[in-house]
Amino acid sequence: MNIAAFHALNDKSAGFYAAGMSRSLVPRLTRGLPVLRGYGRFAAIAFRARPRLCVSVIVVTVVVTVAPLVSMTAVGLAIGQIPGVIKNGLGSPAGTTALVLIVLVAGLFAVQSAASGLQAALGTALGDRVDFMLQSRLMAAVMTPVGMAHLEDPRNQDLITVGQETFRAWMRPGRLAVSLSTLASSRGVLVGACLILARYRWPLAVLLLAAALWAEDEARRASRRATEHHHGGSPLARRTEYYYQTGVTPAAAKEIRVFGLSGFLLDRFSGTWHLAMGEALAKGSRRALVSTIVLGAVALLTFSWLCADAAAGHVGLGATMVYAQAILTGLSGVSTAAGNRLESEMALGALERYDEAVQVTGAPGVPPGGRRPADGMPAAQIRFGGVSFRYPGAARDALHALDLVIPAGESLAIVGANGAGKTTLVKLLCRMYEPAAGHILIDDTDLTDLDVTSWRGQVAAVFQDYARYELPVRTNIGFGRVDAQEDLPGIQAAGADAGVADAIGRLARGWDTVLAASFEDGGDLSGGEWQKVALARALFALRHGARVLILDEPVANLDARAEAQLYEKFLALTAGVTTIVISHRFSTVRQASSIAVIGEGRVTEQGSHNELMALGGHYAEMFRLQAARFNEELADQRSEP
């Protein structure tokens, strides 16, 4: 993205803030479930995750709530015995009662301390269990759909990444187990304290409770606004995150340094952050301040009234201590609740984003398919008949009425300009997407009638963006047939055929080396060696029954000669396998049995290299242009001293 675009985007965000304060931003979180319903949903999830642990948290929460209320009453009663103890001594009934109450208070203090620690420990354990269950379900939901439209739709990608965002340690849903139990106990303490205070003057108790609940609600609103900011619920928050990610990730690192963008990005990040925080904090800040002042005034009024009544002799010493503690304990409950509001709102927001992500993965996509096994297929051919397909939101078809026949056991090379539909064709064959029109036949069976898992077991593929698993070498290659990973000789043979065995032999633990330098005794490979690991994975799949090989430009970063040599070796190793090769290099594709030229979503030419050259069409023109460039480069290399 150029500088002008950066300025335009940020100026648009700033303008939105300046003018948008008069318009209501309707963030995602405020359109979702009410707070109480969110708490109820979490409780249901927690009970399913670990029922006994959930009950234990509830019991401990009740103890943490009741203990301070009983303790304050016992302290007041004990203090009320002081005049009798002074007059009659510790051996008197008043002294005995005071000692019993003091022991009770000490025991309650010990119980409360132990219960508070246990509340945190049990809540953390329950939260970890909840997060594990949610992450497992999300992984399954993302990986279960037959197709991959839910992963490639730009509208859904932000939600699908909740595994990176929603389950951050400071906003993960499981933290509700601790924060919700703490909120419940603090709210219980507040209500209990006000009930005790109601024995003194119930209007003051009601007034204190109302002021406390108002202050709590304003704290919740402030926490919700902060949550919206952290969850990217506003344009400014998303823009702030974009500037940060652009500056710290490798994608733009070279251009940032070459064009000197670091100062620009830092300035825009700082400016947008301040605007975003202003947006997050400005709304309702006055109400929060007013509610806090009102609560303090009500507490001061109640305490002053109590002191006046005590001084006038209307309230005894013990009762005065009980009511004074009730006021302080109620305020303490409000403070504890306010401190946990942000954490609970963060967790609730994360839970809502989790629900949205699961709903996205459950959206209609590629149907599961039939039950017919695909073992031994294709035996005759693969046929695309009038196949059309358009990506969601695209203006035109990626494939349009495409007809193509791929004979079984032969190699087909597919060429065409970028965006011509080459990779789309392969995705349809792998049933990542469903054709909008037409059909794909495997022998005489429609692809949709085949069992998806069985069909994919017949396919071995190496894509340009092949995966680099931070797992042992043997696992990386064994993923070619996951149920045959114990076949170490087969894995080693595939690695040798792919030309990567020597590189693996130099690693610290050989075939058991984790391919990540961050692990102890781990190691890494060069780009070319990683490519060979991906090729070995496909070869291992072929050793275990796969009959279709797809090579979608997996070695495009090699020079033309090296790529041609590699494909020559690979085609020799896979003779008799139905092979589909996608490449821009004509020195590579000319080795295939047949070549198909795709343009504007259709097959425009098909035949062998010699046949297409004799035809003198688009293929011949592209071949001559590429050959001329290659000869010029070769001449330049020979002329260098």
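### Some words on the overall build of the protein chain
Consideration 1: Tallying secondary structure elements over the protein chain gives 24 helices and 10 strands in all.
Consideration 2: Here the protein chain holds 641 residues, and the buried ones make up 45% of them.
Consideration 3: Counting only carbon and sulfur atoms, one obtains 59% of the accessible surface of the protein chain, whose full area is about 31,600 Å².

### Considerations on the sheet that holds strand 5 (residues 445-446)
Consideration 1: The antiparallel open sheet is built from four strands, whose spatial order is 2-1-4-5. Both outer strands of the open sheet, strand 2 (399-407) and strand 5, are each paired with one neighbouring strand and no more.
Consideration 2: Of the strands in this sheet, strand 1 (381-389), strand 2 and strand 4 (437-442) touch helix 15 (residues 422-429), which is tilted by about 115° from strand 1.

### Quick look at the packing of aromatic side chains
Consideration 1: Taken as a whole and judged by the stated rule, the model has six aromatic pairs.
Consideration 2: Considering the side-chain rings of Tyr-391 and Tyr-433, the 5.4 Å spacing of their centres and the 90° angle between planes classify their relative orientation as edge-to-face. Of the two residues, Tyr-391 sits in the loop between strand 1 and strand 2 while Tyr-433 sits in the loop between helix 15 and strand 4, which places them 42 residues apart along the sequence.
Consideration 3: Residue Tyr-391 is classed as partly exposed on the basis of its relative accessible area, which comes to 24%.
Consideration 4: Considering the side-chain rings of Tyr-619 and Phe-623, the 6.4 Å spacing of their centres and the 20° angle between planes classify their relative orientation as stacked. Of this pair, Tyr-619 and Phe-623 both sit in helix 24 (residues 618-639), four residues apart, which is roughly one turn of the helix. Each member of the pair, Tyr-619 together with Phe-623, is buried.
Consideration 5: An aromatic cluster is present here, built from Phe-389, Tyr-391 and Tyr-433 joined pairwise through their rings.

### Describing the sheet that holds strand 8 (residues 578-582)
Consideration 1: Spatially, the six strands line up as an open sheet ordered 6-7-8-3-9-10, and their pairing is mixed. The two strands at the open ends of the sheet, each matched to only one other strand, are strand 6 (459-463) and strand 10 (602-607). Averaged over all adjacent pairs, the angle separating strand axes in this sheet is 15°, with direction ignored.
Consideration 2: Two strands pair when backbone bridges link them, and strand 3 (residues 411-415) and strand 8 are joined in this way by four bridges, in the parallel orientation.

### Focus on the pairing of strand 8
Consideration 1: By the criterion of burial, strand 8 is predominantly enclosed, with five of the five residues buried.
Consideration 2: Here strand 8 shows two buried faces, one formed by Thr-578, Ile-580 and Ile-582 and the other by Thr-579 and Val-581.

### Here's the deal with helix 18 (residues 488-498)
Consideration 1: Buried residues of helix 18: Gly-490, Ile-491, Ala-494, Gly-495 and Ala-498, and no others. The buried residues of helix 18 occupy an angular sector of 140° when projected down its axis, which confines them to one face.
Consideration 2: Downstream of helix 18 by one or two residues, Gly-499 has phi in the positive range, about 85°.

### Observations regarding unusual backbone geometry
For residues that are not glycine, phi is negative in most cases, and the peptide bond is trans in most cases.
Consideration 1: Cis geometry marks the peptide bond from Met-377 to Pro-378, where omega comes out at 0°.
Consideration 2: Tracing the backbone through its elements, the reader meets Pro-378 in the loop between helix 14 (317-361) and strand 1.
Consideration 3: A positive phi is found at Ala-401, a non-glycine position, where the angle reads about 50°.
Consideration 4: Within the fold, Ala-401 resides in strand 2.
Consideration 5: The phi dihedral of Asp-521 is positive, around 60°, even though this residue is not glycine.
Consideration 6: Mapped onto the elements, Asp-521 comes out in the loop between helix 19 (501-505) and helix 20 (527-543).

### Looking at the pattern of salt bridges
Consideration 1: One pass over the full model with this rule turns up five salt bridges.
Consideration 2: For Asp-309, the salt bridge is made with Arg-201, and the minimal N-O distance between the two is 3.0 Å. One end of the pair, Asp-309, is in helix 13 (residues 285-311); the other, Arg-201, is in helix 9 (residues 176-230), and 108 residues separate them in sequence.
Consideration 3: Where Glu-529 meets Arg-506, a salt bridge forms, and the shortest distance between an N and an O atom there is 3.7 Å. With a gap of 23 residues between them, Glu-529 in helix 20 and Arg-506 in the loop between helix 19 and helix 20 connect regions that are remote in the sequence.
Consideration 4: According to the relative accessible area criterion, Arg-506 is exposed, its value standing at 62%.

### Observations regarding the environment of Asp-512
Consideration 1: With respect to the helices, strands and loops of the structure, Asp-512 is situated in the loop between helix 19 and helix 20.
Consideration 2: Of the residues examined, Asp-512 reaches a relative accessible area of 35% and is grouped as partly exposed.
Consideration 3: Between the alpha carbons of Asp-512 and Leu-471 there is a distance of 8.7 Å; along the sequence they are 41 residues apart.

### Side note on a nonpolar patch on the surface
Consideration 1: On the surface, Phe-47, Val-55, Ile-58, Val-59, Val-62, Val-63, Val-66, Val-70, Leu-104 and Val-111 cluster together into a nonpolar patch covering about 740 Å² of accessible area.
Consideration 2: Elements with a minimum of two residues in the nonpolar patch: helix 3 (51-80) and helix 5 (93-143).
Consideration 3: Examining the composition of the nonpolar patch, we find that seven residues originate from one element, helix 3, more than from any other.
Consideration 4: Mapping Val-55 onto the fold places it in helix 3.
Consideration 5: Its relative accessible area of 42% is what places Val-55 among the partly exposed residues.

### Observations regarding the packing of helix 18 against helix 20
Consideration 1: The contact between helix 18 and helix 20 brings their axes to 8 Å, and the two run at 130°. In terms of orientation, helix 18 lies oblique with respect to helix 20. As helix 18 packs across helix 20, the resulting crossing turns out to be right-handed. Contacts between helix 18 and helix 20 involve Gly-490, Ile-491, Ala-493, Ala-494, Gly-495, Asp-497 and Ala-498 from the former and Lys-532, Leu-535, Ala-536, Leu-539, Phe-540 and Arg-543 from the latter.

### As for the nonpolar core
Consideration 1: Grouped together as the largest cluster of nonpolar side chains are 35 residues, with contacts concentrated most on Ala-460, Val-473, Ile-477, Leu-535, Leu-542, Leu-549 and Leu-551.
Consideration 2: Mapped by element, the contributors of at least two residues to this core are strand 6, helix 17 (473-478), helix 18, helix 19, helix 20, strand 7 (548-552) and helix 21 (560-573).
Consideration 3: For this core, the element with the most residues is helix 20, which contributes 10 residues.
Consideration 4: Beyond its immediate stretch of four places on either side in the chain, Ala-460 contacts Ala-538, Ala-541, Leu-542, Ala-546, Val-548, Leu-549 and Ile-550.
Consideration 5: With 32 residues, the next largest nonpolar core counts Leu-402, Cys-430, Tyr-433 and Val-459 among its residues.

### Quick look at the side chain of Thr-65
Consideration 1: Tracing the chain through its elements places Thr-65 in helix 3.
Consideration 2: On the basis of relative accessible area, Thr-65 is assigned to the buried category, the value being 13%.
Consideration 3: One polar contact links the side chain of Thr-65 to the main-chain carbonyl oxygen of Thr-61, over a distance of 2.8 Å.
Consideration 4: Those residues in contact with Thr-65 that lie beyond four places of it in its chain are Ala-184, Ser-185, Gly-188 and Val-189.

### Let's talk about the confidence of the model for the protein chain
Consideration 1: Of all residues in the protein chain, 81% have pLDDT values of 70 or greater, and the mean over the chain is 78.
Consideration 2: Element-level mean pLDDT values for the protein chain span from 36 in helix 1 (residues 3-20) up to 95 in strand 1.
Consideration 3: Within the model, pLDDT remains below 50 along residues 1-33, and this stretch shows 56 contacts once partners closer than five positions in the same chain are excluded.

Parameters at a glance
- Residues numbered from 1 in each chain as written.
- Predicted model: local features only at pLDDT ≥ 70, side-chain atom pairs only at ≥ 80, totals over all residues.
- Heavy atoms only, no water.
- Helix = DSSP H or I, 4+ residues; strand = E, 2+ residues; numbered from the N terminus.
- Buried < 20%, exposed > 50% of the residue type's maximum accessible area, 1.4 Å probe, protein only.
- Areas by Shrake-Rupley, 256 points an atom, 1.4 Å probe, with all protein chains shown as cover.
- Pairing = 2+ DSSP bridges.
- Contact = heavy atoms within 4.5 Å.
- Axes fitted to C-alpha atoms, helices over the stretch in contact; angles between N-to-C directions.
- Phe/Tyr/Trp six-rings, centres within 6.5 Å; stacked < 30°, edge-to-face > 60°.
- Arc of directions from axis to C-beta.
- Salt bridge = Lys/Arg side-chain N within 4 Å of Asp/Glu carboxyl O.
- Patch = residues over 30% accessible without salt bridge, like charges linked within 9 Å, V, L, I, M, F, W, Y side chains within 5 Å.
- Parallel < 35°, antiparallel > 145°, perpendicular 65-115°, else oblique.
- Left-handed = near helix turned anticlockwise from the far one by under 90°.
- Core = buried A, V, L, I, M, F, W, Y, C linked by side-chain atoms within 4.5 Å.
- Polar contact = N/O pair within 3.5 Å; in protein donor to acceptor, adjacent residues only side chain to side chain.
- pLDDT = per-residue confidence, 0-100.

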